[in-house]
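If you want the building blocks of each chain, they are given just below.
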Amino acid sequence: MNTHVNNGVSPVDAAYPGKTATRLSWGAVLGGVVIAIAVQLVLGILGAGIGLTMVDPVAGTTPGATGFGIGAGVYWLITTIVALGAGGYAAARVAGVHERFDALVHGMVVWGVTLILTLYLLTSAVGGIIGGAFRTVGAVAGAAGTAVGAAAPKAASIAGVDAGDVRSEAAAYLSDVPSDPAQMTPEQAQKEIAKQLPALARGGTDGQQAESRIVDIVAAQRKISRPEAQAQVNRAKQQFVQTKNETIAKAKSATDAAAGAAASTSFVLVLALLVGAAAAGIGATAATRRRLR
């Protein structure tokens, strides 16, 4: 093999007489990215097929969610190493670099472009589907609201009634609950208590009035004295507060657990990305061409 010298500046590989070494070849990087994504897809499809063969609900041999998730994560990490290693090697080899640093740069660029392209494809696809769905629902709801809003005045005009008449009629429909608790049916009593609960929760003067109203309804419905009804309402309030506090405590515990899981997942993901970068760099440096003398 002979060495050709181009004006005494840079050596040229005899196997590629018209090609000089470049610091960064974007064509080579693009080729490496394509190879990395293709290898990742092929291995991912293969892994999905292997995972499906392990699912057998009839025989009851389906692996657990935890074990299946760990296995899938390990397989994804291995496929990432193989894909990025192959992409980095191909990029550095095609670029014909002679310096290990140049090869490492090619590998890192392959890793970065592959990562950005993958994230873009995922976010654009999922975001487009979700955004389109919400836009469709919003358009339908807006059209329905516009149609109802436009039709209501026309219907009122045809019937010869104004807005005040409509509001008074609506109030009449909702005011079928007798003011005397003794005359209420059990269903009406439940509705009236439910109506007073928001004011009771707010407290203050409205809360006291709502509590007094609830006590009157309980006393009338259960045929007991007002002090006994007051005691029952107090017990119900204490039970409600206890249940609320337990719910809040469970929600806080679930939030802490979710935050811890998200933090762990983030750390694992960062570690996997760094491993992928290392694989791309190692694959690229392994393809460094030996400079001819």
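Residues numbered from 1 in each chain as written. Predicted model: local features only at pLDDT ≥ 70, side-chain atom pairs only at ≥ 80, totals over all residues. Heavy atoms only, no water.

For the rest of this paragraph, the subject is the environment of Ala 231. Mapped onto the fold, Ala 231 is located in helix 7 (residues 226-286). By relative accessible area, which is 29% here, Ala 231 ends up partly exposed. Residues Ala 231 and Val 215 lie 16 residues apart in sequence; the distance between their C-alpha atoms is 9.0 Å. (Helix = DSSP H or I, 4+ residues; strand = E, 2+ residues; numbered from the N terminus. Buried < 20%, exposed > 50% of the residue type's maximum accessible area, 1.4 Å probe, protein only.)

So, on to the pattern of salt bridges. The final tally for this structure, using the stated rule, is 3 salt bridges. A salt bridge links Glu 192 to Arg 213; its shortest N-O distance comes to 3.3 Å. Here Arg 213 lies in helix 6 (residues 204-222) and Glu 192 lies in helix 5 (residues 186-202), a separation of 21 residues in the sequence. Taking relative accessible area as the criterion, Glu 192 reaches 8% and is therefore assigned buried. Across the salt bridge formed by Asp 216 and Arg 226, the nearest N and O atoms sit 2.8 Å from each other. Of the two residues, Asp 216 is situated in helix 6 and Arg 226 in helix 7; the sequence distance between them amounts to 10 residues. (Salt bridge = Lys/Arg side-chain N within 4 Å of Asp/Glu carboxyl O.)

With 9 residues, the main nonpolar core is built from Ala 199, Leu 200, Ala 210, Ile 214, Val 215, Val 218, Ala 219, Ala 229 and Val 233. Counting only elements with at least two residues in this core, the list comes to helix 5, helix 6 and helix 7. With 5 residues, the single largest contributor to this core is helix 6. Residues in contact with Ala 210, not counting those within four places in the same chain, are Gln 196, Ala 199 and Leu 200. Listed in part, the 7 residues of the second largest apolar core include Ala 92, Val 97, Ala 103 and Ala 287. (Core = buried A, V, L, I, M, F, W, Y, C linked by side-chain atoms within 4.5 Å. Contact = heavy atoms within 4.5 Å.)

To continue, consider the packing of helix 5 against helix 6. Across the interface, helix 5 lies against helix 6 with an axial gap of 7 Å and an inter-helix angle of 155°. By the angle between their axes, helix 5 is roughly antiparallel relative to helix 6. Judged by the sense of rotation from one axis to the other, the crossing of helix 5 with helix 6 is left-handed. Only Gly 204, Asp 206, Gly 207, Ala 210, Glu 211, Arg 213, Ile 214, Ile 217, Val 218 and Gln 221 of helix 6 make contact with helix 5, whose side of the interface consists of Pro 186, Ala 189, Glu 192, Ile 193, Gln 196, Leu 197, Ala 199, Leu 200 and Arg 202. (Axes fitted to C-alpha atoms, helices over the stretch in contact; angles between N-to-C directions. Parallel < 35°, antiparallel > 145°, perpendicular 65-115°, else oblique. Left-handed = near helix turned anticlockwise from the far one by under 90°.)

Before going further, it helps to spend a moment on the confidence of the model for the protein chain. Looking at the protein chain, pLDDT values average 75 and 68% of them are 70 or higher. Least confident of the elements in the protein chain is strand 1 (residues 4-6), whose mean pLDDT is 44; most confident is helix 1 (residues 26-53), at 88. Across residues 1-21, confidence stays below pLDDT 50; counting only partners more than four residues off in sequence or on other chains, it has 27 contacts. Contacts of residues 169-174 to residues separated by more than four positions or lying in other chains number 0 contacts, the stretch itself having pLDDT below 50. (pLDDT = per-residue confidence, 0-100.)

Here we come to the packing of helix 6 against helix 7. Between helix 6 and helix 7, the least distance of the axes is 8 Å, while the angle of their chain directions is 120°. Seen along the crossing, helix 6 lies across helix 7 with a hand that is right-handed. Taking contact as the criterion, the partners of Glu 211, Ser 212, Ile 214, Val 215, Asp 216, Val 218, Ala 219 and Arg 222 in helix 6 are, on helix 7, Arg 226, Ala 229, Gln 230, Gln 232, Val 233, Asn 234 and Lys 237. A breakdown of the residues in the contact of helix 6 with helix 7 according to their chemical character gives 6 nonpolar, 4 polar and 5 charged. (Nonpolar A, V, L, I, M, F, W, Y, C, P; charged D, E, K, R; others polar.)

Quick look at a nonpolar patch on the surface now. Together, Ile 70, Val 74, Ile 78 and Val 82 line one region of the surface with nonpolar side chains, adding up to about 350 Å² of accessible area. Following the sequence through the fold, Ile 70 ends up in helix 2 (residues 65-95). Exposure remark for Ile 70: the relative accessible area of 54% places this residue in the exposed category. (Patch = residues over 30% accessible without salt bridge, like charges linked within 9 Å, V, L, I, M, F, W, Y side chains within 5 Å. Areas by Shrake-Rupley, 256 points an atom, 1.4 Å probe, with all protein chains shown as cover.)

Position of His 106 relative to the elements: it lies in helix 3 (residues 100-159). Of the polar contacts made by the side chain of His 106, one reaches the backbone nitrogen of Ser 25; its length is 3.0 Å. Discounting residues that sit within four places of it in the chain, His 106 has contacts with Arg 23, Leu 24, Ser 25, Val 29, Ala 91, Ala 92, Ala 95 and Val 97. (Polar contact = N/O pair within 3.5 Å; in protein donor to acceptor, adjacent residues only side chain to side chain.)

On to helix 7, then. In this model helix 7 runs 89 Å from its N-terminal to its C-terminal C-alpha over 61 residues, within 8% of the 90 Å that 1.5 Å per residue would give. Burial in helix 7 covers these residues: Ala 229, Val 233, Ala 272, Gly 276, Ala 277, Ala 279, Ala 280, Gly 281, Gly 283, Ala 284 and Thr 285. (Expected span 1.5 Å × (residues − 1).)

Tracing the backbone shows Lys 237 in helix 7. What makes Lys 237 partly exposed here is its relative accessible area of 31%. Remark: the alpha-carbon pair of Lys 237 and Ala 201, spanning 36 residues in sequence, is separated by 9.5 Å. Those residues in contact with Lys 237, other than ones at most four positions away along the chain, are Leu 200 and Glu 211.

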